[in-house]
Amino acid sequence: MDRLQTLEVFVAVAEEESFAAGARRLGLSAPSATRGVNTLEARLGTPLFTRTTRRVRLTEVGHTYLEDARHILAQMQAADDAATGAATNPVGQLRITCPTEFGRIYVAPILTDFLDLFPAVSADVLMVDRVVNMVEEGFDLAVRIGDLPSSGLTAVRVGQVRRMVVAAPEYLARHGMPHTPADLPQHQILTAAPVSPTTEWRFGRELQDGVKIKPRLTLSSVAAAISVAQSGWGLCRVLSYQVAADLQSGALQAVLEQHEPAPLPIHLVHAEGRRAPAKIRAFIDMARDRLRAVPGLA
């Protein structure tokens with residue numbers, strides 16, 4: 001096993017937290033992966049993993065080495081892509097990270113059309129409600145909702161979403177319509193933890209008005225929270241794209257619209273700048289046009 005393949009094995013095992021799973025990802029046997037990592041550790045003179053019967057974990061040195069190894073492999077991939085025409089033709093694997101519901105509603109349909117158009121491209125999508133470090137975790141592209149901090153990343157704005165409070169018409173018929181944020185403590189509240197992680201909801205264009213709430217139900221799934229709100233159980237705070245179809249059908253109704261904060265921008269973000277491979281540029285072109293055409297994101 002050469003040094004480059006050893007690095008690939010190390011990265012796969014680290015990301016899968018398993019020799020067997022890392023080996024499967026690369027089409028190797030588990031003993032081969034184990035020998036590769038053992039050889040690497042022997043050459044470096046330091047352990048990269050702590051091993052238990054169930055999983056492996058990176059040591060402190062291993063964490064640092066993983067970031068460097070990913071960078072080396074990315075540079076090698078860029079060199080290979082340039083040599084094989086990936087700079088001008090979409091080829092290779094496209095790794096994307098995006099919020100869970102946004103990925104389900106928008107990214108997945110765009111991506112399948114993109115893959116149909118470019119047969120030489122494959123894709124790996126991580127849908128998760130946290131900000132992923134693209135460089136450290138090896139992603140080509142991210143969908144970010146919210147204001148972006150200063151960074152060296154390239155961002156393409158594709159739309160915006162509202163932070164809104166919704167309820168089923170049945171709930172409002174029973175409990176009445178809240179007219180100001182101060183009315184919320186008198187209502188039955190449920191929250192979706194990825195969207196509403198605190199017990200204070202802030203309102204107003206500059207988030208100047210805050211109200212303490214005591215949710216009776218907190219769910220880790222946005223989809224589950226929306227389903228409970230549809231049943232007429234209580235008020236829920238969500239992002240507008242997550243309930244666009246429900247608002248249109250009348251299953252849910254927006255409340256306190258005049259008190260909503262300023263909309264949150266949506267960006268497609270990548271780290272490659274003008275030298276981005278064709279697979280990234282082509283996907284951004286398609287996703288930008290499709291997302292900007294969605295009325296609810298305009």
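See the structure shown above.
Residues numbered from 1 in each chain as written. Predicted model: local features only at pLDDT ≥ 70, side-chain atom pairs only at ≥ 80, totals over all residues. Heavy atoms only, no water.

A. Quick peek at the nonpolar core. In terms of nonpolar packing, the biggest core is built from 29 residues, with Leu-94, Phe-102, Phe-114, Leu-268, Phe-283, Leu-291 and Leu-297 touching the most fellow members. Contributing elements (two or more residues each) for this core: strand 3 (92-98), helix 5 (100-117), strand 5 (141-145), strand 6 (154-161), strand 14 (264-270) and helix 10 (278-292). Non-local contacts of Leu-291, meaning those with residues more than four positions away in its chain, are made with Phe-102, Tyr-106, Ile-110, Val-158, Leu-268 and Leu-297. With 18 residues, the next largest nonpolar core counts Phe-10, Val-37, Leu-48 and Leu-73 among its residues. (Core = buried A, V, L, I, M, F, W, Y, C linked by side-chain atoms within 4.5 Å. Buried < 20%, exposed > 50% of the residue type's maximum accessible area, 1.4 Å probe, protein only. Helix = DSSP H or I, 4+ residues; strand = E, 2+ residues; numbered from the N terminus. Contact = heavy atoms within 4.5 Å.)

B. The arrangement of the layout of surface pockets in detail. In this structure, the largest pocket spans a volume of roughly 1,500 Å³. Lining the largest pocket are 40 residues, and of these Arg-70, Leu-73, Ala-74, Gln-77 and Asp-140 sit closest to its centre. If you tally residues by element for the lining of the largest pocket, the top one is helix 4 (residues 60-84), at twelve residues. Along the lines of polarity and charge, the residues of the lining of the largest pocket split into 17 nonpolar, six polar and 17 charged. (1 Å grid on protein atoms, 1.4 Å probe; cavity = no way out; pocket = protein on both sides within 12 Å on 5 of 7 lines; lining within 4 Å. Points joined across faces, edges and corners; volume = space filled by probe spheres on them. Nonpolar A, V, L, I, M, F, W, Y, C, P; charged D, E, K, R; others polar.)

C. The arrangement of the sheet that holds strand 5 in detail. Sheet architecture is open: five strands sit in the order 4-3-5-14-6, paired in mixed fashion. At either end of the open sheet lies a strand with only one pairing partner, and these are strand 4 (121-127) and strand 6. Averaged over all pairs of adjacent strands, the angle between their axes in this sheet comes to 20°, without regard to strand direction. Bridge analysis of strand 5 against strand 14 gives four bridges, and the strand direction is antiparallel. Among the inter-strand pairings, Ala-142 is bridged to a residue of strand 14, identified as Val-269. Those strands touched by helix 5 are strand 3, strand 4, strand 5 and strand 14, and its axis lies near 180° from that of strand 4. (Pairing = 2+ DSSP bridges. Axes fitted to C-alpha atoms, helices over the stretch in contact; angles between N-to-C directions.)

D. Quick look at the pairing of strand 9 (residues 200-203). The alternating pattern of strand 9 places Trp-201 and Phe-203 on a buried face, while none of Glu-200 and Arg-202, on the opposite face, is buried. Note: strand 9 against strand 10 (residues 209-212), four bridges, orientation antiparallel. Bridge pairing in strand 10 places Arg-202 opposite Gly-210. Two successive antiparallel strands, strand 9 and strand 10, enclose a turn made up of five residues, where Gly-204 displays a positive phi of approximately 95°.

E. Up close: empty space enclosed by the protein. Counted under the stated rule, the structure contains one cavity of 30 Å³ or more. When its volume is computed, the largest cavity comes out at roughly 30 Å³. Every residue lining the largest cavity is listed: Val-107, Ile-110, Val-143, Leu-268, Phe-283, Ala-287 and Leu-291. Only helix 5 and helix 10 provide two or more residues apiece to the lining of the largest cavity. With three residues, helix 10 is the largest single contributor of residues to the lining of the largest cavity. Residues of the lining of the largest cavity, tallied by class, amount to seven nonpolar, no polar and no charged.

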